[in-house]
Amino acid sequence: MSEETVTGQAPRTAWFEETDGLATVRIENPALTVRVKEDLLAALRRAAESTTARAVLVLGSDKAFCVGQDLAEHAAVLEESPDRALVTVREHYNPIVRAFEDIQVPVVIGIGGACVGAGLGFALAGDVRVAARRAKFGTSFTGIGLASDSGLAHRLVQSLGSARAMEMMLLGTMITAERAGELGLVTEVVDDDTWQERARDLASVLAAGPTNAFVAAKREIRAASEGGRALTELLEEEADLQEQLGVTADHIGAVRAFLNKEKPSFSGN
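Worth saying up front: this structure is predicted, and the values here are computed from it rather than measured. (Residues numbered from 1 in each chain as written. Predicted model: local features only at pLDDT ≥ 70, side-chain atom pairs only at ≥ 80, totals over all residues. Heavy atoms only, no water.)

A.B. asks: Hey, could you go over a nonpolar patch on the surface for me, with residue numbers and the actual values?
C.D. replies: There is a patch of nonpolar side chains on the surface, built from Met-166, Leu-170 and Leu-171 and spanning about 340 Å² of accessible area. By the element assignment, Met-166 lies in helix H6 (residues 162-171). Here Met-166 falls in the partly exposed class, since its relative accessible area comes to 48%. (Patch = residues over 30% accessible without salt bridge, like charges linked within 9 Å, V, L, I, M, F, W, Y side chains within 5 Å. Areas by Shrake-Rupley, 256 points an atom, 1.4 Å probe, with all protein chains shown as cover. Salt bridge = Lys/Arg side-chain N within 4 Å of Asp/Glu carboxyl O. Helix = DSSP H or I, 4+ residues; strand = E, 2+ residues; numbered from the N terminus. Buried < 20%, exposed > 50% of the residue type's maximum accessible area, 1.4 Å probe, protein only.)

What follows is the structure, encoded as structure tokens:
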């Protein structure tokens with residue numbers, strides 16, 4: 001197992017570690033300063049580039065997963081150079097979302113507290129979300145006179161439909177974890193003292209699963225969610241993926257295990 005600060009500076013704001021096929025990225029500082037964004041981007045890129053990770057777990061702290069832009073830092077930039085204040089969207093936020101997209105294996109998000117603004121965009125970039133009951137969710141952008149970034153509008157429409165997405169974006173009201181679960185923004189809501197354990201357990205299960213099948217499933221779902229893709233095109237892609245998966249050791253072994261009434265064991269190959 002290796003654990004390190006991403007930039008080599010102290011105190012660390014985000015770090016990466018990998019053990020037994022599970023890569024973990026932790027956000028230590030919930031408010032996104034330039035330093036936090038740079039560290040988080042570097043950590044996510046490490047996860048995306050890993051050739052041994054079979055699942056990725058992204059965690060925040062007990063108090064917050066991520067609350068979006070550090071407004072004190074943002075205000076200082078606005079005062080000094082207003083025309084540079086929002087360059088961070090292109091320089092930091094967009095690359096972070098692309099780094100999430102570059103992770104081909106399953107991504108589990110563990111949410112212990114507030115998940116707001118860009119933090120909600122980042123959380124929705126994962127595949128499975130586990131939230132503590134105390135967690136709160138919100139968009140926050142219009143409250144400070146901005147539209148959203150971090151792919152949030154796109155993800156909200158995918159998850160909720162345009163009407164609910166519009167409601168969350170325009171009204172900006174915070175919702176509870178239970179309500180987020182009802183709406184489908186989170187996969188599972190658990191007790192406050194078990195959220196991290198449950199998220200890690202799910203990530204570990206995925207890390208021990210049929211990795212190639214998971215990667216293919218993510219490709220299929222992403223393709224299906226893209227507008228303008230014809231069903232015939234998707235069917236051809238599904239056929240290609242199934243032909244590739246059909247000759248893997250994981251598939252052949254799982255079929256044999258099923259016929260022998262045994263539990264399959266997946267190597268990721």
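Moving on from the coordinates now.
A.B. asks: I'd love a proper account of unusual backbone geometry, names of residues and values included.
C.D. replies: Phi is positive for Ser-140, which is not a glycine, with a value near 75°. Considering the arrangement of structural elements, one finds Ser-140 in the loop between strand E11 (136-138) and helix H5 (152-160). In this structure Ser-140 comes out as partly exposed when scored by relative accessible area, which is 33%. Positive phi, close to 55°, is recorded for Lys-261, a residue that is not glycine.

A.B. asks: Before we move on, could you go through the sheet that holds strand E12 (residues 175-176) and cite the residues and values that matter?
C.D. replies: Strand order in the open sheet formed by four strands is E6-E9-E11-E12, with mixed pairing between adjacent strands. What marks the edges here is a single partner per strand, and that holds for strand E6 (64-66) and E12. Note that E6 and strand E9 (residues 114-116) share two bridges and pair parallel. Residue Ala-64 lies in a different strand from E9, and its bridge partner there is Ala-114. (Pairing = 2+ DSSP bridges.)

A.B. asks: I'd love a proper account of the nonpolar core, names of residues and values included.
C.D. replies: Core analysis: the largest hydrophobic core is formed by 51 residues, its most contacted members being Phe-65, Ile-111, Phe-122 and Phe-137. Setting aside chain neighbours within four positions, we find Ile-111 in contact with Phe-65, Ala-123, Arg-129, Val-130, Ala-131, Ala-132, Ala-135, Phe-137, Val-186 and Trp-195. One finds Leu-57, Val-108, Ala-132 and Val-190 within the second-largest nonpolar core, a separate group that totals 14 residues. (Core = buried A, V, L, I, M, F, W, Y, C linked by side-chain atoms within 4.5 Å. Contact = heavy atoms within 4.5 Å.)

A.B. asks: Describe the layout of surface pockets, naming the residues involved and giving the relevant values.
C.D. replies: Here the largest pocket defines a volume of roughly 540 Å³. In this structure, the largest pocket is lined by 21 residues; those nearest its centre are Gly-126, Asp-127, Arg-155, Ile-221 and Arg-222. Of all the elements in the fold, those that place two or more residues in the lining of the largest pocket are helix H3 (88-102), H5 and helix H9 (211-225). Top contributing element to the lining of the largest pocket by residue count: H9, with six residues. A per-class count over the lining of the largest pocket returns eight nonpolar, six polar and seven charged. Approximately 280 Å³ is the volume attributed to the second largest pocket. Lining the second largest pocket are 17 residues, and of these Gln-69, Leu-71, Phe-141, Ile-144 and Leu-146 lie nearest its centre. Per element, the largest residue contribution to the lining of the second largest pocket is three residues, and it comes from H3. Broken down by class, the residue content of the lining of the second largest pocket amounts to ten nonpolar, six polar and one charged. (1 Å grid on protein atoms, 1.4 Å probe; cavity = no way out; pocket = protein on both sides within 12 Å on 5 of 7 lines; lining within 4 Å. Points joined across faces, edges and corners; volume = space filled by probe spheres on them. Nonpolar A, V, L, I, M, F, W, Y, C, P; charged D, E, K, R; others polar.)

A.B. asks: Lay out the packing of H5 against H6 in plain terms, naming residues and giving numbers.
C.D. replies: How two helices pack is summed up by the angle between their axes together with the distance between the axes. Two numbers describe how H5 lies on H6: the axes approach to 7 Å, and their chain directions differ by 135°. Classified by the angle their axes make, H5 and H6 are oblique. In the crossing of H5 with H6, the sense of the turn from one axis to the other is right-handed. Contact residues: H5 offers Leu-152, Ala-153, Leu-156, Val-157 and Leu-160, while H6 offers Ser-162, Arg-164, Ala-165, Met-168 and Met-169. Taken together, the residues of the contact of H5 with H6 break down into eight nonpolar, one polar and one charged. (Axes fitted to C-alpha atoms, helices over the stretch in contact; angles between N-to-C directions. Parallel < 35°, antiparallel > 145°, perpendicular 65-115°, else oblique. Left-handed = near helix turned anticlockwise from the far one by under 90°.)

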